[in-house]
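The residues making up each chain are set out below.
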Amino acid sequence: MIAFPPALQRLIKELSKLPTVGEKTATRLAYHLSANDRDLARSLGAALQQVAHDVRLCERCFFLSEGALCPLCQNPSREPSVMWVVEKPVDLVAIERGGEFKGQYHILHGLWAPLRGQGPETMRLKELMERLRKEPVKEVILATSATVEGDATALYIGRMLSEIGVKITRPAQGIPKGGELEYADDVTLSRAFAARSTIQF
Ligand SMILES: [Zn+2]
């Protein structure tokens, strides 16, 4: 039986480990790179190496960064008293695109999803608590998505934060149902921010 060359099989195997990419798509992509677009294969390889080598997580907010601290955390003119707590780096990018918010961020890199076996330890919560203890944050905007897992996570974090005594708010509804911040347009986001409400725990 004739099979693909081993190098191509390896590429298919690696690509199929990516989120949302099944074996069929991985095979199609690998075939395209090896048979149709070898220049793309080379530049993609170089880009992947550069990302693996240069990009890491900011030591403070856990956004993606090429240095120990991301440009936002290095900017002394950002308002220190308000902090958005979001799930993913793309959420930060969506909020920054609106250009109105000038405060701080903390990226969780996960959600509390017990049904999927994801416990609270998958989030950057210990680091969040440490920051809130030493930074002059007065308000935390809990902007996890408006899904069951997002709401449960917000509740869980809100309870933890109530010990610290910061004001806790949630962005107003209006973020598209299903609730992913990254898909909200700028106007919706800035309205959701302006009309955020305080939660008591
Ligand atoms: Zn940062």
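Structure's up top.
Residues numbered from 1 in each chain as written. Predicted model: local features only at pLDDT ≥ 70, side-chain atom pairs only at ≥ 80, totals over all residues. Heavy atoms only, no water.

## A few points about the coordination of the zinc ion
Okay, step 1: Bound to the zinc ion are the protein donor atoms Cys58 (SG), Cys61 (SG), Cys70 (SG) and Cys73 (SG), situated 2.3 to 2.4 Å from the metal.
Okay, step 2: Along the chain, the residues donating to the zinc ion fall in the pattern C-x2-C-x8-C-x2-C. (Donors = N, O, S within 2.8 Å, 3.2 Å for Na, K, Ca; no water.)

## Brief notes about the packing of aromatic side chains
Okay, step 1: What the rule picks out here adds up to three aromatic pairs.
Okay, step 2: Between the aromatic rings of phenylalanine 101 and tyrosine 105, the centroid separation amounts to 5.4 Å while the plane-to-plane angle is 75 degrees, which identifies the pairing as edge-to-face.
Okay, step 3: Using a relative accessible area of 6% as the deciding quantity, one classes phenylalanine 101 as buried.
Okay, step 4: When the centroid spacing of 5.2 Å and the interplanar angle of 35 degrees are considered together, the rings of tryptophan 112 and tyrosine 156 count as tilted. In this pair, tryptophan 112 is assigned in the loop between strand 4 (104–107) and helix 6 (125–134) and tyrosine 156 in helix 7 (residues 148–162), connecting sequence segments 44 residues apart. (Phe/Tyr/Trp six-rings, centres within 6.5 Å; stacked < 30°, edge-to-face > 60°. Buried < 20%, exposed > 50% of the residue type's maximum accessible area, 1.4 Å probe, protein only. Helix = DSSP H or I, 4+ residues; strand = E, 2+ residues; numbered from the N terminus.)

## Concerning the packing of helix 6 against helix 7
Okay, step 1: Running from N to C, helix 6 and helix 7 point in directions that differ by 35 degrees, and their axes come no closer than 11 Å. In the packing of helix 6 onto helix 7, the handedness of the crossing is right-handed. Across the interface between the two elements, Leu125, Leu128, Met129 and Leu132 of helix 6 pack against Tyr156, Ile157, Met160 and Leu161 of helix 7. (Axes fitted to C-alpha atoms, helices over the stretch in contact; angles between N-to-C directions. Left-handed = near helix turned anticlockwise from the far one by under 90°. Contact = heavy atoms within 4.5 Å.)

## What to know about the environment of serine 145
Okay, step 1: With respect to the helices and strands, serine 145 occurs in the loop between strand 5 (139–142) and helix 7.
Okay, step 2: Relative accessible area serves as the criterion here: at 5%, serine 145 is assigned to the buried category.

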